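If you want the building blocks of each chain, they are given just below.
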Amino acid sequence: MKPVPQRISVFISLTLYLAASMISSTSASADGTTVLQVGDTLPSFNANDDEGGLWSSGDRIGGEKYLVVYFYPAAMTGGCTKQACAYSDHSSTLAELGIEVVGVSGDSVINLRYFRDAHGLNFTLLSDADGSIADKLGVPERGGEGSITREVDGRDVVLSRSFTSSRWTFIFAPDGKLVYKDTEVAAAEDSKKVIDFLRQHGGE
């Protein structure tokens, strides 16, 4: 008998994991904010990516890949750089597990382009400049950190933002169902936790 392909094994295991979990529908907090729970469906949203193109969550449902959506406070800052570079460093393993990664912050498209180019990031960054994506996934927001200056290609550039989001990570299965939610993310360890979760529930 041929061994079950890794991606299929992961999908079957996560389906069983969801069935065994206490699944609750999307709820709202006392202030009306969305609270996304394991088992809920990926919300519909569009965003500009680091190239200025339009990225749509609806295009990711029904495909073959798991989708990691991670929120980080600000491009080109210490913890956020460690987190992003770790995802880049684990790109081959993530690809083997059938995972697409997108990082989301309140930064503008140009900020994201600076961030991508300065650190050679090899996955998509999305601009949530108005906070609408964070709201749909229930990620808390706080006041912005104003402006920071960083050197990019030998010159100083100013990166400004009006707000920052909390550092949260979600994994959605190919059918769009939420299978993992981390609200206490350790920046440098985030990608490893994502990989370990899928490997564990994939029976590897």
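Not measured: the values here are computed from a predicted model. (Residues numbered from 1 in each chain as written. Predicted model: local features only at pLDDT ≥ 70, side-chain atom pairs only at ≥ 80, totals over all residues. Heavy atoms only, no water.)

Student: Would you mind showing me how to read the overall build of the protein chain here?
Tutor: Looking only at helices and strands, the protein chain has six helices and 11 strands in total. When the 204 residues of the protein chain are sorted by exposure, 48% land in the buried category. Taking contacts inside the protein chain between residues at least 6 apart in sequence as the whole, the part at least 24 apart equals 66%. Accessible surface computed for the protein chain: about 9600 Å², of which carbon and sulfur atoms make up 50%. (Helix = DSSP H or I, 4+ residues; strand = E, 2+ residues; numbered from the N terminus. Buried < 20%, exposed > 50% of the residue type's maximum accessible area, 1.4 Å probe, protein only. Contact = heavy atoms within 4.5 Å. Areas by Shrake-Rupley, 256 points an atom, 1.4 Å probe, with all protein chains shown as cover.)

Student: Please explain the nonpolar core as it appears in this structure.
Tutor: Across soluble globular proteins, nonpolar side chains show a tendency to be buried alongside one another. Ranked by internal contacts, the top residues of the largest apolar core, which has 31 residues, are Y72, Y87, I99, V101, F115, F123 and I171. When contributions to this core are tallied by element, the ones reaching two or more residues are β5 (66-71), α2 (78-89), β6 (99-105), α4 (109-119), β8 (141-152), β9 (155-165), β11 (178-182) and α6 (190-201). Per-element accounting of this core gives the leading share, four residues, to α6. Apart from the residues within four sequence positions on either side, F115 is in contact with Y72, A75, M76, C80, T81, A84, L121 and L125. Of all hydrophobic cores here, the second largest spans 19 residues; its members include L67, F71, L126 and F172. (Core = buried A, V, L, I, M, F, W, Y, C linked by side-chain atoms within 4.5 Å.)

Student: Would you explain α4 in this entry?
Tutor: Owing to its 3.6 residues per turn, the α-helix brings residues three or four apart onto one side. Residues of α4 that are buried include every one of N111, L112, Y114, F115 and R116, and no others. G120 sits one or two residues past α4 and shows a positive phi near 60 degrees.

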